[in-house]
Number of protein chains: 2
Amino acid sequence: MATQGNGRQPKYQRIADTLREAIQAGEYGPGDRLPGENDLMATHDVARMTARQALGALQNEGLAESRKGAGVFVRDFKPLRRRGIQRLSRDQWGSGRSIWSADTEGRTLVVDQVDVSEMEAPERIAKVFESETGAPVCVRSRRFVLDGKPVLLSTSYLPADLVSGSAITQEDTGPGGTYARLTELGYKPVHFREEIRCRMPSRDEASGLDLSMGTPVIMICRTAFADENHPVEVNEMILDSASYVLEYDFDA
Amino acid sequence: MATQGNGRQPKYQRIADTLREAIQAGEYGPGDRLPGENDLMATHDVARMTARQALGALQNEGLAESRKGAGVFVRDFKPLRRRGIQRLSRDQWGSGRSIWSADTEGRTLVVDQVDVSEMEAPERIAKVFESETGAPVCVRSRRFVLDGKPVLLSTSYLPADLVSGSAITQEDTGPGGTYARLTELGYKPVHFREEIRCRMPSRDEASGLDLSMGTPVIMICRTAFADENHPVEVNEMILDSASYVLEYDFDA
DNA sequence: AAGTGGTCTAGACCACGCT
DNA sequence: GCGTGGTCTAGACCACTTA
């Protein structure tokens, strides 16, 4: 017992390898149910926990996901393409269209969990605005749900003195959104910086995006600048990495 | 026994939460050792597997990493900043400098596992070059190790007929690298497209980058275009997400 | 040599979903 | 109702590091 030394590598890894290869060979397609714990215990003659470890490995790799009471299923990957630069070109939001219309053609977008409030700026935000920590900022947080699947959590920070009284402090910012309003206020965004990180989600993020185990998130932190390096907005976004491909097109 | 219903959520989650909060509160700093399995069994009065699950959860979140025979330790996050657009501006490689010099100032970069060969183009690559599947391509794969830590795996594909006989087919491509040579050959890259995905690593990627559990990878697929949409190179990169922040700067 | 995490067994009860 | 995955116990041996 516990003689793991048979084939040089752990039993659960060998079982996981078998399943992985079967998936990649197409024996199990997206959405198909994989052999369950009981199946694996029988076919590989192992204990419960060992079969579980094998299935758990596949889930941690993002290849499979479990549904309680139903089984473990092969995952699908059909991402949205988010064109980082074109979507923020002036004509997008200049003409009253949401910058989202570029990404979501022909699909159903719902924005929910909208919350607009004013609070003291967290340190990292205050630092960008070059204001003292604790200066008031307008905070707009939202969730984007595409065809029933939550794909993005967004939290946007703007200096409160800049936007007070404008539609930006309302839930509905009107045609063209925040950037159109900033333009009207004399702070037209002319330059953007996007910082991209990738990591495993926090518990809040996992539940907010309805992520299954083994799905990382993409963090995009976008800073919008009015002319001459004047930052007017910081937007922190959390994206379901299984729902997105980011694209940046630029000249040498 | 197995009365998990005490506090509404699983025991291992409660233990993980305790540790997570302690980490975020700074009680355990980067590199510090967390309480081990035996500690947790004693302090929380649980079985081995339950303590393991708690520590496993933290590792899957990327918050901690285990070292066999030593313990579980809080992870650090000190990423490189990769400026996607500036690093590919003409003056970088035009002057004989590697585009890497922009990222790695003052650090030790080693390139190893260099392999240059010719093979038939995989389907996705042939599609980009608009050649028939199986057309010959020059494949350059390398690994970049920064201060002893592998951070990036790169595989670059170029049409074989375009580069045959040039230094691009050598291990050392000379000053300015592949892009300087392409320019000399009359295929100056003038436009780039980078596609970014994020997912959990394959086993090969995890071992090649020496990743610990719970670390996703960033995939960058860059296509370089000579004038008028003529693709001349496809570079597929796998980045350790704990080592990188990507940055894209652009005008509206 | 002692302690650590990695793997494994053989049982158990639970909540959930539906073949 | 029955099978599913989710959680948990109480043991065990192993390989590795030296905190």
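Definitions and cut-offs
Residues numbered from 1 in each chain as written. Chains lettered and ligands numbered in written order. Predicted model: local features only at pLDDT ≥ 70, side-chain atom pairs only at ≥ 80, totals over all residues. Heavy atoms only, no water. Near = heavy atom within 4 Å. Polar contact = N/O pair within 3.5 Å; in protein donor to acceptor, adjacent residues only side chain to side chain. Helix = DSSP H or I, 4+ residues; strand = E, 2+ residues; numbered from the N terminus. Nonpolar A, V, L, I, M, F, W, Y, C, P; charged D, E, K, R; others polar. Disulfide = S-S within 2.5 Å. Buried < 20%, exposed > 50% of the residue type's maximum accessible area, 1.4 Å probe, protein only. Domains from an automatic or database assignment. Contact = heavy atoms within 4.5 Å. Buried area = accessible area lost by both parts, 1.4 Å probe. Salt bridge = Lys/Arg side-chain N within 4 Å of Asp/Glu carboxyl O. Pairing = 2+ DSSP bridges. Phe/Tyr/Trp six-rings, centres within 6.5 Å; stacked < 30°, edge-to-face > 60°. Lys NZ or Arg CZ within 6 Å of the ring centre and 35° of its normal. Least-squares fit on C-alpha atoms with pLDDT ≥ 70 in both. Axes fitted to C-alpha atoms, helices over the stretch in contact; angles between N-to-C directions. Parallel < 35°, antiparallel > 145°, perpendicular 65-115°, else oblique. Left-handed = near helix turned anticlockwise from the far one by under 90°.

- The name an unreviewed UniProt entry assigns to chain A is GntR family transcriptional regulator, from the organism Streptomyces spirodelae.

1. Thoughts on the protein's contact with DNA strand D
- With respect to spatial proximity, 25 residues lie near DNA strand D, and among them Asn38(A), Arg52(A), Ser66(A), Lys11(B) and Thr50(B) are the closest.
- When the atoms of DNA strand D within 4 Å of the protein are sorted by group, sugar and phosphate make up 68%.
- Lys11(B) is positioned with one of its backbone polar atoms (N or O) 2.4 Å from a phosphate oxygen of DNA strand D.
- Separating a base nitrogen of DNA strand D from a side-chain N or O atom of Arg48(B) is a distance of 2.9 Å.
- Counting residues per element, the ones that place at least two in the surface near DNA strand D are α2 (37-44), α3 (48-60) and β2 (71-74) of chain A together with α1 (11-24) and α3 (48-60) of chain B.
- Of the residues in the surface near DNA strand D, the class split is nine nonpolar, eight polar and eight charged.

2. Points about the state of the cysteines
- Counted under the stated rule, the structure contains one disulfide over all chains.
- Covalent S-S linkage joins Cys198(A) and Cys198(B), the inter-sulfur distance amounting to 2.0 Å. Remark: Cys198(B) occurs in strand β7 (residues 191-199) and Cys198(A) occurs in strand β7 (residues 191-199); the pair is interchain, linking two chains.
- The class of Cys198(A) is buried, set by a relative accessible area of 4%.
- We note that Cys221(A) lacks a disulfide partner, and the nearest cysteine sulfur, in Cys198(A), lies 15 Å from it.
- Given a relative accessible area of 15%, Cys221(A) falls into the buried group.
- The cysteine Cys138(B) is free of any disulfide, with Cys221(B) supplying the nearest cysteine sulfur at 16 Å.
- On the basis of relative accessible area, Cys138(B) is assigned to the buried category, the value being 4%.

3. Concerning the domain arrangement of chain A
- Each domain of chain A was delimited in the assignment, giving domain 1 (11-74) and domain 2 (80-247).
- Here domain 1 of chain A and domain 2 of chain A have C-alpha centroids that lie 38 Å from each other.

4. As for the interface of chain A and chain B
- Taken together, the 42 residues of chain A in the interface contact 42 residues of chain B.
- Taken together, both faces of the contact between chain A and chain B bury some 3,500 Å²; the carbon and sulfur share is 54%.
- Among the residues of chain A in contact with chain B, Arg203(A), Phe250(A) and Ala252(A) are the three that bury the most area, contributing 22% of the side total.
- Along the contact surface separating chain A from chain B lie eight salt bridges.
- A salt bridge links Arg193(A) to Glu247(B); the shortest N-O distance between them is 3.8 Å.
- Listing elements by their share of the side of chain A that touches chain B, those giving two or more residues are α1 (11-24), α3, β7, β8 (217-226) and β10 (244-251) of chain A.
- Ranked by residues supplied to the side of chain A that touches chain B, first place goes to β7(A) with nine residues.
- Class assignment of the residues belonging to the side of chain A that touches chain B gives a composition of 20 nonpolar, eight polar and 14 charged.
- Looking at chain direction, β7(A) and strand β10 (residues 244-251) of chain B are connected through six bridges and run antiparallel.

5. A closer look at the packing of aromatic side chains
- This structure, assessed with the given rule, holds five aromatic pairs over all chains.
- Aromatic pair Phe192(A) and Phe250(B): ring centres 5.9 Å apart, planes at 35°, arrangement tilted. Taken together, the residues Phe192(A) in strand β7 and Phe250(B) in strand β10 connect one chain to another. Each member of the pair Phe192(A) and Phe250(B) is classed as buried.
- An aromatic cluster of three or more residues is present, and its members are Tyr179(A), Phe192(A) and Phe250(B).
- A cation over a ring is seen here: Arg67(B) above Phe73(B), with NZ or CZ 3.8 Å from the ring centre.

6. Quick look at unusual backbone geometry
- Despite not being glycine, Asp147(A) has its phi angle at roughly 50°, a positive value.
- With respect to the helices and strands, Asp147(A) occurs in the loop between β5 (136-146) and β6 (149-159).
- Since its relative accessible area comes to 45%, Asp147(A) is described here as partly exposed.
- Of note, Gln113(B) is a non-glycine position whose phi angle comes to about 50°, a positive value.
- Looking at where Gln113(B) falls in the secondary structure, it is placed in strand β4 (residues 109-120).

7. A short note on the relation of the copies chain A and chain B
- By a simple turn and slide, chain A fits onto chain B: the slide is 0.1 Å along the axis, the RMSD is 0.1 Å, and the turn is 180°. Taken together, these values place the two copies in the relation of a two-fold axis.
- The share of interface residues of chain A whose copies in chain B are also at the interface is 100%, consistent with both copies meeting through the same surface.

8. Some details on the packing of α1(A) against α3(A)
Residue and element names in this part refer to chain A.
- Across the interface, α1 lies against α3 with an axial gap of 8 Å and an inter-helix angle of 50°. Put simply, α1 runs oblique to α3. By crossing handedness, the relation of α1 to α3 is classed as right-handed. The segment α1 lies against α3, with Lys-11, Tyr-12, Ile-15, Ala-16, Leu-19 and Arg-20 engaging Thr-50, Gln-53, Ala-54, Leu-55, Ala-57 and Leu-58.
- Residue classes in the contact of α1 with α3 are distributed as eight nonpolar, two polar and two charged.

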